[in-house]
Amino acid sequence: MLYQQSVVSDMRTLVSPIPGPGGWAAQATAAYKRRNKQGASGLQAQLASRLTSLTGGKVAAGSVWADDAGEMAMAKLDGHTFRLRGEELTLLRSCKYCGIPSFDSPSIRTVEDLGRALAWEPYCQACEPDDEDWSYSW
Ligand SMILES: [Zn+2]
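Quick notes on the rules
- Residues numbered from 1 in each chain as written.
- Predicted model: local features only at pLDDT ≥ 70, side-chain atom pairs only at ≥ 80, totals over all residues.
- Pairing = 2+ DSSP bridges.
- Helix = DSSP H or I, 4+ residues; strand = E, 2+ residues; numbered from the N terminus.
- Contact = placed C-beta atoms within 7 Å.
- pLDDT = per-residue confidence, 0-100.
- Axes fitted to C-alpha atoms, helices over the stretch in contact; angles between N-to-C directions.

Draft legend 1. Layout of the pairing of strand E3 (residues 80-85). The pairing of strand E2 (residues 72-77) with E3 spans 6 bridges and is classified as antiparallel. Each bridged residue has a counterpart across the sheet, and for Ala73 the counterpart in E3 is Leu84. Linking two consecutive strands that pair antiparallel, namely E2 and E3, is a turn of 2 residues; a positive phi of about 50 degrees is found at Asp78 within it. In this structure, the hairpin formed by E3 and strand E4 (residues 88-94) is closed by a connection of 2 residues, where Gly86 is found at a positive phi of approximately 60 degrees.

Below, the structure is given as structure tokens:
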């Protein structure tokens, strides 16, 4: 038991000291946030331009949202929700029956991919019909 206690106190020593303003940790955090901010706005712009080239529709800047980490962007266009993660663009689809939850379509690169994603009518597990006509092959 004595051994366990000393491990816990060692971990506290490792985790607790956070240097004050201007310390290396603050600098690293600031650098990380700067990069994320650029990443987030870059991803927003990329999503808007990919949607415009796929649909010809204009995506308003205000309708594109990106997470703080700059890893994912989402946009609404004519009632459809699109998601961009890295290079992968998907269309969010809801369960055909209950309307929830959302499913990511397979990756969309071309107008044909977009059409396939739009035609896709997924079921959630709870609503999945028993007959075999529902299945879709990708
Ligand atoms: Zn459902």
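Draft legend 2. Quick peek at unusual backbone geometry. Phi is positive for Asp78, which is not a glycine, with a value near 50 degrees. Within the fold, Asp78 resides in the loop between E2 and E3.

Draft legend 3. Layout of the pairing of E4. Judged from the 5 bridges that link them, E3 and E4 form a sheet pairing that is antiparallel. Bridge pairing in E4 links Arg85 to Glu88.

Draft legend 4. Representation of the environment of Cys124 within the structure. By secondary structure assignment, the location of Cys124 is in the segment after helix H3 (111-119). Separated by 21 residues in the primary sequence, Cys124 and Phe103 have C-alpha atoms spaced 8.6 Å apart. Setting aside residues no more than four positions away along its own chain, Cys124 makes contact with Cys95, Cys98, Ile100 and Pro101.

Draft legend 5. Local environment of the confidence of the model for the protein chain. Across the protein chain, pLDDT averages 82, with 78% of residues at or above 70. Within the protein chain, helix H1 (residues 2-15) has the poorest average pLDDT of any element, 52, and H3 the best, 96.

Draft legend 6. Region of interest: the sheet that holds E3. Here we have 5 strands laid out as an open sheet, ordered E1-E2-E3-E4-E5, and antiparallel in their pairing. Every interior strand has two partners, whereas the edge strands, strand E1 (64-66) and strand E5 (102-104), have only one. Sheet twist, expressed as the average angle between the axes of neighbouring strands with direction ignored, equals 25 degrees. The sheet contact formed by E1 and E2 spans 3 bridges and is antiparallel. Considered in E2, the bridge of Val64 is made with Ala75. Sheet contacts for helix H2 (residues 24-55): E1, E2, E3 and E4; angle to E2, the most-contacted strand, approximately 40 degrees.

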